[in-house]
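Letter by letter, the chains look like this.
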Amino acid sequence: DDDTFSTVFCENSSKLIDAHLFALAAKYYSLSSLGVCTPLQEMLEALRGENQGIAGIKTDEFMNNKKSHEVQVMSELVDNIASYCGIKQVIDIGSGKGYLSSFLSMQYNLQVYGIDSSNTNTNGAHERNRKLKKHWKAYQSRGRASLKSQRLEEANDRPVESEIKYKAIKEKPFNSLQSQDQETIQDVVPSCGFTETVVSETNKRTEVDLVAQTQSDESKLSDEVLAILNVLPADAVEVFSSSQCNCEELCEEEKVQRKMESLKAKAGRSGESNLYLPLTSCITAETELNDIIMDLEDCVMVGLHTCGDLAANTLRIFTAKPEIKAVCSVGCCYHLLSEQFENQEKYPEEVWGFPMCQYLKDKGWCCGRNARMSACLALERVAVGQMLPTESLFYRAVLQVIIEEIYGVTKSDRHVGKIFSKSSSFIDYVRKSLKKLELDGSKLSDSCIMDYYENYKHRMIELEAFNMLKVVLAPCIEVLILLDRLCYLKEQDSIAWSGLVKLFDPVKSPRCYAVIALKERSC
């Protein structure tokens, strides 16, 4: 009913008059309620077919809990996408210190190029690789125990009958937002479903068979991961940098040099297709991957928490490059997105992060920075008791009043940053902030600073209530940004299937939705 939420705001003043109904409306328009997401498990089953996942190394000894969760879940999905598409190369955009890249390489035997704009992050890959090698014995032991347990469980659960009928999975490969997507992918990728088969077992596997298989799997795991570790010592990771020409076209000399380095690296690998190569380069919508990766082939492009416009540019590169057969992108930092209709007059020819789809472009849609900032908030964390940092937000709000009234500054290119935790009091906080903003602290006495604090202290509860309303609204704004990206993919002719998939536990990782797409298979 269109009138269900009509009484949330006053018709005359537009002020909020029903906070409870406001919260219900926000929940109704969140991704979890709209029913537009494809369940992760359904997608994995469709991609795998009859193939099962593999047991392997864990990430908890060289990643924190959040990063470990993200890498484990996303790497499994990316491997299944790569296997389904029949490709072995992965391009990791915004790879950072290479956590996802190295895990894809080590665990799943994929050839991974990790591209990041920061030399510092690329250098961090050296330290990560050193830790991987240091802890290899622990991973090996864990992998061996996991494989043995898995085989024993399979043996205990296996039926005694000589014939086992495997039921057909009648559902179509992927749940799409539009019926034509389902029809298209059924024609293009019919191998996603099962057909009914009968498997005869002439002999029951003996305990000896089980042990032999377990030893074989252990050996395979050891060989695969040791092969990676042998080419990833801390002092031997190949790092190609384009820091001198980050966002410009490469000169011919640079292209030739990279070609030679790429060929030399390829020859040095001597058949090892699972080497992780970190590269330093700035990625834009116009980036030519062939100038960065000389042996570019059919690949999957991935991005784990690509910041701001990088998520949008990842999708644009995917649609433009025929070699990229699939994309799996999880964006973040919505507040850093550039908006076409927020800055159109100043920069009319730019490629914008929002909106992407033609529908919102035609509407001239603009979120604004405040809305994008709200989209970054984590409702699920607040719901389980991880409250907002009200005091630090209060400090920041009063500081802004001081800067406007005392110094007449309403806009600044400088940032205060995270100095609340480093401040012993509000006075200390203001002094540190003024120094970072390069404002004259002598204009302001300590007593004047405290007067501002006392004058606004009673309004801290209002600030808390206001920020809670922003948290409740956050999922609705995120929906708009994510559906804009999905609709952009739906507008492209060469894409067989596209969808949104909730990958992560939102309490552990609030930016938990992936935009995924597969291109049509060439005949």
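About the criteria used
Residues numbered from 1 in each chain as written. Predicted model: local features only at pLDDT ≥ 70, side-chain atom pairs only at ≥ 80, totals over all residues. Heavy atoms only, no water. Helix = DSSP H or I, 4+ residues; strand = E, 2+ residues; numbered from the N terminus. Buried < 20%, exposed > 50% of the residue type's maximum accessible area, 1.4 Å probe, protein only. Contact = heavy atoms within 4.5 Å. Areas by Shrake-Rupley, 256 points an atom, 1.4 Å probe, with all protein chains shown as cover. Salt bridge = Lys/Arg side-chain N within 4 Å of Asp/Glu carboxyl O. Core = buried A, V, L, I, M, F, W, Y, C linked by side-chain atoms within 4.5 Å. Axes fitted to C-alpha atoms, helices over the stretch in contact; angles between N-to-C directions. Parallel < 35°, antiparallel > 145°, perpendicular 65-115°, else oblique. Left-handed = near helix turned anticlockwise from the far one by under 90°.

Description of the overall build of the chain
Now for step 1: Looking only at helices and strands, the chain has 20 helices and 10 strands in total.
Now for step 2: Within the chain, buried positions represent 43% of all 523 residues.
Now for step 3: Nonlocal contacts in the chain, meaning residues at least 24 apart in sequence, comprise 75% of its contacts between residues at least 6 apart.
Now for step 4: Accessible area for the chain stands at about 27,600 Å²; split by element, carbon and sulfur atoms hold 49% of it.

A closer look at the environment of V382
Now for step 1: By the secondary structure assignment, V382 is in helix α16 (residues 379-383).
Now for step 2: Each C-alpha atom, one on V382 and one on M468, is 8.8 Å from the other, the two residues being 86 residues apart in sequence.
Now for step 3: Leave out the neighbours within four places in its chain, and V382 touches M387, L388, M468 and V471.

A few points about helix α18 (residues 426-436)
Now for step 1: Among the residues making up α18, those that are buried are F426, D428, Y429, V430, S433 and L434.
Now for step 2: Along its buried surface, α18 packs onto α17 (390-407) and α19 (446-457).

Structural notes on the pattern of salt bridges
Now for step 1: Applying the stated criterion across every chain, the model contains 12 salt bridges.
Now for step 2: Of the charged contacts in the structure, one is a salt bridge between K66 and E70, with a shortest N-O distance of 2.7 Å. Of this pair, K66 and E70 are both found in helix α4 (residues 65-85), 4 residues apart, which corresponds to roughly one turn of the helix.
Now for step 3: Accessibility expressed as a relative area gives 31% for K66, which makes it partly exposed.
Now for step 4: E70 sits in the buried class, given a relative accessible area of 0%.
Now for step 5: Linking R459 and E462 is a salt bridge whose minimum nitrogen-to-oxygen distance equals 3.2 Å.
Now for step 6: Accessibility expressed as a relative area gives 41% for R459, which makes it partly exposed.

Here's the deal with the nonpolar core
Now for step 1: Of all hydrophobic cores here, the largest spans 78 residues; its most connected members are M74, L77, I81, I91, I115, L503 and I516.
Now for step 2: Element by element, the count of residues in this core is highest for α4, at 8 residues.
Now for step 3: The residues touching I115, leaving out its near neighbours within four places in the chain, are I91, D92, I93, G94, S95, L279, S281, I283, L289, I292 and I293.
Now for step 4: One finds I402, I403, V430 and L463 within the second-largest nonpolar core, a separate group that totals 21 residues.

A short note on the environment of I283
Now for step 1: Counting through the fold element by element, I283 comes out in the loop between β6 (276-280) and α11 (289-292).
Now for step 2: Sequence separation between I283 and S117 is 166 residues, and the spatial gap between their C-alpha atoms is 7.4 Å.
Now for step 3: When near neighbours in sequence (up to four residues on either side) are disregarded, I283 contacts I93, I115, I292, L310, N313 and I317.

Structural notes on unusual backbone geometry
Peptide bonds are mostly trans, and most non-glycine residues show a negative phi.
Now for step 1: A cis geometry characterises the amide bond from F354 onward to P355, with omega recorded as -5 degrees.
Now for step 2: Assignment of secondary structure puts P355 in the loop between α13 (340-343) and α14 (358-363).
Now for step 3: The phi torsion at S14 lies on the positive side, around 65 degrees, for a residue other than glycine.
Now for step 4: Positive phi values are uncommon outside glycine, yet E438 reaches one of about 60 degrees.
Now for step 5: Here E438 lies in the loop between α18 and α19.
Now for step 6: A relative accessible area of 55% means that E438 is categorised as exposed.

Points about the side chain of T390
Now for step 1: With respect to the element layout, T390 can be found in helix α17.
Now for step 2: What T390 contacts, discounting residues up to four positions off in sequence, is M460, L463 and E464.

Section: the packing of α4 against helix α5 (residues 99-108)
Now for step 1: Packing of α4 against α5 leaves a shortest axis separation of 10 Å and a crossing angle of 55 degrees. Looking at the two axes, α4 sits oblique to α5. Handedness of the crossing formed by α4 with α5: right-handed. Taking contact as the criterion, the partners of K67, V71, Q72, M74, S75, E76, V78 and D79 in α4 are, on α5, Y99, L100, F103, L104 and Y108.

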